[in-house]
Structure formats: C-alpha cells, structure tokens
Amino acid sequence: MILYHAILPAENPARAGQSLNVLLVAENTSDRALTQAVRFYGSLGREWRELLAEERAFPAHSHPHFYFNIPADRFSETFWGEEVEELALAAGIAPPGPAEQGVLVFFE
C-alpha cells in the first residue's frame, strides 16, 4: 500500500507566474516494489483539479522522498478562470474527497 505522509512546497508564499517545486514524503508498506502515478490536485475552495501526474517507483518497504515541479500554467488565471492568490494542494491516486483540506499555498 502506498501512503503519502507530507507535501512540502519549496516556497510558501510562492511566486505568481512561476512553477512550484514540491517534495512528497511517501511510504510503500507492501512486500513488493510498485510503480504508480503520483497525482497532484489543486483546489480554490471548490472542486479539485489535477495539476500533474508522474509515475514513480516505490521499492518494497520504502520511505521515499520524491521531488516534483508543478508547471506555472497550473497556477494561472487561464487554467482556473480567476486569479490564484491561494490554492489547496493535495496528492493521491484520485481526487481528494470533500473533507480533504490539502496544504495551503499562497501566491504573491
């Protein structure tokens, strides 16, 4: 089973118009190595939208730390239909449920 323990943005507040580097702390609790798409989702307080999906290898019984770069256009007014001042960020294999708060990232 793959677990995601922490999402750590490299900057918070982040710079508007720039990509965002993110560290994801994960864990594979199973006896076998797995390869799986890691998906990042964003929300402006409404529905969650997928921002990025990249496959990663999870060795058996491991606690990997993965680095990702979410492209700048995923934080743009064009993508969201409004200016992004703050965004909830979450990771998983599917969009988070309505109770998930994610990690709040501010933009300046």
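Here, every reference points to the structure presented above.
The structure presented is a predicted model; accordingly, all values stated were derived computationally and were not measured. (Residues numbered from 1 in each chain as written. Predicted model: local features only at pLDDT ≥ 70, side-chain atom pairs only at ≥ 80, totals over all residues. Heavy atoms only, no water.)

## Points about the pattern of salt bridges
Pairs can form between side chains of opposite charge whenever their charged atoms are close.
Working step 1: In this structure the tally under the stated criterion is three salt bridges.
Working step 2: For the salt bridge of Glu82 with Arg46, the shortest nitrogen-to-oxygen distance reads 2.3 Å. On the criterion of sequence distance, the pair formed by Glu82 in the loop between helix H1 (77–80) and strand E6 (86–92) and Arg46 in the loop between strand E3 (34–43) and strand E4 (49–58) is long-range, its members being 36 residues apart.
Working step 3: Judged by its relative accessible area of 32%, Glu82 is partly exposed.
Working step 4: Using a relative accessible area of 48% as the deciding quantity, one classes Arg46 as partly exposed. (Salt bridge = Lys/Arg side-chain N within 4 Å of Asp/Glu carboxyl O. Helix = DSSP H or I, 4+ residues; strand = E, 2+ residues; numbered from the N terminus. Buried < 20%, exposed > 50% of the residue type's maximum accessible area, 1.4 Å probe, protein only.)

## With respect to the pairing of strand E2 (residues 20–28)
Working step 1: Taken across its nine residues, E2 has seven buried, putting it largely inside the fold.
Working step 2: Here strand E1 (residues 2–9) pairs with E2 via seven bridges, running antiparallel. Bridge pairing in E2 links Pro9 to Val22.
Working step 3: Here six bridges tie E2 to strand E5 (residues 65–70), and the two strands are oriented antiparallel to one another. Residue pairing across strands places Leu20 opposite Ile70, the latter belonging to E5. (Pairing = 2+ DSSP bridges.)

## A closer look at the packing of aromatic side chains
Here a ring pair, both rings aromatic, is described through the centre-centre distance and the interplanar angle of the planes.
Working step 1: Enumeration according to the criterion identifies five aromatic pairs in this entry.
Working step 2: Relative to Phe66, the ring of Phe58 has its centre 5.0 Å away and its plane inclined at 80 degrees; by these criteria the two rings are edge-to-face.
Working step 3: Residue Phe66 is classed as buried on the basis of its relative accessible area of 10%.
Working step 4: Taking the centre distance of 5.0 Å and the plane angle of 40 degrees together, the rings of Phe75 and Phe107 count as tilted. Of this pair, Phe75 sits in the loop between E5 and H1 while Phe107 is found in the segment after strand E7 (103–106), placing the two residues 32 residues apart along the sequence. The burial state of Phe75 is the same as that of Phe107; both residues are buried.
Working step 5: Ring pairing ties together the aromatic residues Phe40, Phe58, Phe66 and Phe68, which thus form one cluster.
Working step 6: The ring centre of Phe79 lies 3.9 Å from the NZ or CZ of Arg49, which sits over that ring.
Working step 7: A cation sits over an aromatic face here: Arg49 above Trp80, 5.1 Å from the ring centre. (Phe/Tyr/Trp six-rings, centres within 6.5 Å; stacked < 30°, edge-to-face > 60°. Lys NZ or Arg CZ within 6 Å of the ring centre and 35° of its normal.)

Limitation: the analysis is restricted to geometry and does not speak to function.
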